[in-house]
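Structural description and commentary
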Amino acid sequence: MKVLSFLIILLSCSLEPPKPLKPVEREIFELNEFFNQESNELVSKISLSRRYQGPLFFEIPDIEKFEDKQLIARFTFGLNKDFEIEMSGGIQNVPEANNKIKKLFFVNFTDELANANLKYQLYDYNNYSDGKDIIYDNTNLNLFCRGLNLADDPTANSETCSKSDDTCLYSFANVKDMGLVKVSSDPNGFKVKLNPTRKSFSVGQGAYTQDSDEHVLEKCLSDSTQPFVKNKKLSLLEKITLKGEQYSFEGMFNSISQSQWHIKDDAIWGRFGIFRSEMIGGKNVDLGFQSNLFPREGKLRNNLKVQYLGSQTTFGEKEITEVVDANGETDWIDGCNLRIKKTGLDNSNYGSCTVTSNIEIFYKENGEEVILASNALQEKPNQLKLQIVSELKINNEEIECQINSQCDSGCCRNNICFDSIFCDPPPSAKPVGDTCGEDLECVSRCCKAGVCKAHGNGNTCDKEEGESCSGGSFCGKKTVYWSKRIFSSVSNNICSNQNCNETERMLCVNKKCVHPFTNEELKNSKPDERVKDPSFLNWKNNNLEDDDCSTAVNNGANEECDVCVNQETCK
């Protein structure tokens, strides 16, 4: 019995969990700026499309000290920090003047941004007082994604953002375009707020005032105190009868989740607020107008000579106008007309976005994270911001349509021809397993080898290079070889090759799957050939420096010539 008791005690001791190792303690560097390779400038803010595939550079002090580590970048997004990306990174040599070398940390995006939920909206804080044209490029740096806590907003100049001179350009707020309000006969005064789904253009080539009541109810309202509806201008709370029922004008914006906003009271109004003006006293958010919601205004091209609500001057009163420009370009139209264009993925529009609440660079040692750089630990926290914006573009060559067959893409939505990926498959679309001749015949949009293949929900279409595609996610991956050459005093002062075998998903360009890197030498390279990190092969027209390791040996230097992005794959 004593022996048994001793064995039980001994066994219990052996099963005791090991004590966690103490994390490595060291100075945390500030993560101050991105490096813009094209302009050779350091910037604190950058905007990327959700479809962006390519490198993102950071300048971090003394980053070269950690070239032997597996560095990781973690991007955390949004108000509730509920979207996160972790990516392996590497260090890249960038030549400067006087033969100097700058060392930059970078990550290489492939499909990581595609899953970002763009549930916030951009607001336009450009200064138009000098008569400049309105911005409608959603990567403009004076557009701010309102998707953060006040504490994560580096533009905030107060702890409450509630006074008229307070600013907080990233702090959360959300308003959406609204149409007329249906006045119900319900004794409790129940009302239905309509969502606009149609531009303020005439349907077909008839007069604007002759459109059907059904089409009128679907149109955008002008950002004005008296928008034009059907055949008259409506004043606030004025009623109009359409389709035999009463509707009223009660503003053109609907505030969403106002109790959760991080901008409040007087700060909501003015140049850096949500609205420039209000319709009546009392500062009722639902009656705000001259919104800063992006895009504030814009222009489109129309292939038909139709009537629409436009103005020759920016922010002018919108009147019935006819497209008379030789190229079919409109005058200035309300931003709602540009925002109603939605993707078929998450119903985001051209102004949809998300933004980083924090960015960290770290490596793991003894199972613990060692933070090298953090956006939250700067002199002014969270100064560095990465905005992810919609992949939609304002298409100045938009083609009007009524049915799918009028579009080359086979996709007519909201009377505009769209890329096929933005349209739901027709009811006649074939299920997985049926024979097919083209992608649009399949519910999955993937016709491969004459059969509809599964796509989505964990299934990948994996089209081959040169095959048709509706988007990048339909294309398969290609093997890309990266090489690492290291000067080592331990191995008889010679450079040794360490080969890496990485794969990258192909891009969908002009509806065809293309190799992720177009450099022919790279595409045909073999594992034992020395090649540069492929994401930089097009950098400065492929004019890359020659890192001859024999020179490094002669100079007695101890340096790394090339770097694998993902060192775990080095063998």
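This is a predicted model, so every value here is computed, not measured. (Residues numbered from 1 in each chain as written. Predicted model: local features only at pLDDT ≥ 70, side-chain atom pairs only at ≥ 80, totals over all residues. Heavy atoms only, no water.)

Notes on the overall build of the chain
What the chain contains, in helices and strands, is five helices and 36 strands. Burial statistics for the chain: of 571 residues in total, 48% are counted as buried. In the chain, of all internal contacts separated by at least 6 residues, the share reaching a separation of at least 24 is 60%. Summed over all atoms, the accessible surface of the chain reaches about 27800 Å², with 46% contributed by carbon and sulfur. (Helix = DSSP H or I, 4+ residues; strand = E, 2+ residues; numbered from the N terminus. Buried < 20%, exposed > 50% of the residue type's maximum accessible area, 1.4 Å probe, protein only. Contact = heavy atoms within 4.5 Å. Areas by Shrake-Rupley, 256 points an atom, 1.4 Å probe, with all protein chains shown as cover.)

Points about the pattern of salt bridges
Under the counting rule described, the total for this entry stands at 22 salt bridges. Residue E391 pairs with R50 through a salt bridge whose shortest N-O separation is 3.0 Å. Of this pair, E391 sits in the loop between β28 (385-389) and β29 (412-413) while R50 is found in the loop between β4 (45-49) and β5 (54-59), placing the two residues 341 residues apart along the sequence. The two residues E391 and R50 agree in class, both being buried. Among the ionic pairs, E297 bridges to K318, the shortest N-O distance being 2.7 Å. With E297 in strand β22 (residues 297-298) and K318 in the loop between β23 (307-310) and β24 (319-322), this residue pair connects regions lying 21 residues apart in the sequence. We classify K318 as buried; its relative accessible area is 6%. Within the structure, one salt-bridge network assembled from shared partners comprises R74, E86, E360 and E369. (Salt bridge = Lys/Arg side-chain N within 4 Å of Asp/Glu carboxyl O.)

What about the sheet that holds strand β2 (residues 33-36)?
What the five strands build is an open sheet, ordered β3-β2-β5-β9-β8; its pairing is antiparallel. Each edge of the sheet is formed by a strand with only one pairing partner; in this case those strands are β3 (41-43) and β8 (90-95). When strand polarity is set aside, the average angle formed by the axes of neighbouring strands in this sheet is 45 degrees. (Pairing = 2+ DSSP bridges. Axes fitted to C-alpha atoms, helices over the stretch in contact; angles between N-to-C directions.)

Structural notes on the state of the cysteines
Here, disulfide denotes a covalent bond that connects the sulfur atoms of two cysteines. Going through the model one piece at a time under the given rule, you end up with seven disulfides. Covalently, C161 is tied to C168 through a disulfide, its sulfur atoms 1.9 Å apart. Taking the sign of the S-S torsion, about -80 degrees here, the bridge from C161 to C168 comes out left-handed. You can call C161 buried: its relative accessible area is 1%. Assessed through its relative accessible area of 0%, C168 is described here as buried. (Disulfide = S-S within 2.5 Å.)

Comments concerning the packing of aromatic side chains
With the rule as written, the count across this model stands at 19 aromatic pairs. On the basis of an interplanar angle of 50 degrees and a centroid distance of 6.2 Å, the ring pair of Y125 and F144 is categorised as tilted. One end of the pair, Y125, is in the loop between β10 (120-124) and β11 (143-145); the other, F144, is in strand β11, with 19 residues separating them in the sequence. Note on accessibility: Y125 and F144 belong to one class, buried. Between the aromatic rings of F253 and F275, the centroid separation amounts to 5.7 Å while the plane-to-plane angle is 55 degrees, which identifies the pairing as tilted. Of this pair, F253 sits in strand β19 (residues 253-255) while F275 is found in strand β20 (residues 275-278), placing the two residues 22 residues apart along the sequence. Relative accessible area serves as the criterion here: at 3%, F253 is assigned to the buried category. (Phe/Tyr/Trp six-rings, centres within 6.5 Å; stacked < 30°, edge-to-face > 60°.)

Overview of the nonpolar core
Within the largest apolar cluster, 49 residues are counted, with the highest numbers of intra-cluster contacts made by L180, W261, I263, I268, I274 and F275. Those elements giving two or more residues to this core turn out to be β10, β11, α2 (213-218), β17 (239-242) and β26 (352-365). In contact with I263, other than residues within four places in its own chain, are R146, C161, C168, F172, A173, I268, G273 and I274. Judged by nonpolar contacts, the second largest core, of 34 residues, contains F34, L56, F83 and I359. (Core = buried A, V, L, I, M, F, W, Y, C linked by side-chain atoms within 4.5 Å.)

Some thoughts on the environment of K219
Note on placement: K219 falls in the loop between α2 and β15 (228-229). As a C-alpha pair, K219 and F201 span 18 residues in sequence and 8.0 Å in three-dimensional space. Ignoring any residue separated from it by four or fewer positions in sequence, one finds K219 in contact with P196, R198, K199, S200, F201, S202, Y208 and D211. A distance of 2.5 Å separates the side chain of K219 from the side chain of D211, its partner in a polar contact. (Polar contact = N/O pair within 3.5 Å; in protein donor to acceptor, adjacent residues only side chain to side chain.)

Quick notes on the confidence of the model for the chain
Residues at a pLDDT of 70 or more form 71% of the chain, whose mean pLDDT is 77. Low pLDDT, under 50, characterises residues 1-25; the stretch is placed with five contacts to residues that sit more than four places away or in other chains. Contacts for the low-pLDDT stretch residues 482-500, under 50 throughout, to residues beyond four places or in other chains number 69 contacts. (pLDDT = per-residue confidence, 0-100.)

Quick word on the pairing of β2
Bridge analysis of β2 against β5 gives three bridges, and the strand direction is antiparallel. From the neighbouring strand, F34 faces β5, where its bridge partner is F58. Two strands pair when backbone bridges link them, and β2 and β3 are joined in this way by three bridges, in the antiparallel orientation. From the neighbouring strand, F34 faces β3, where its bridge partner is V43.

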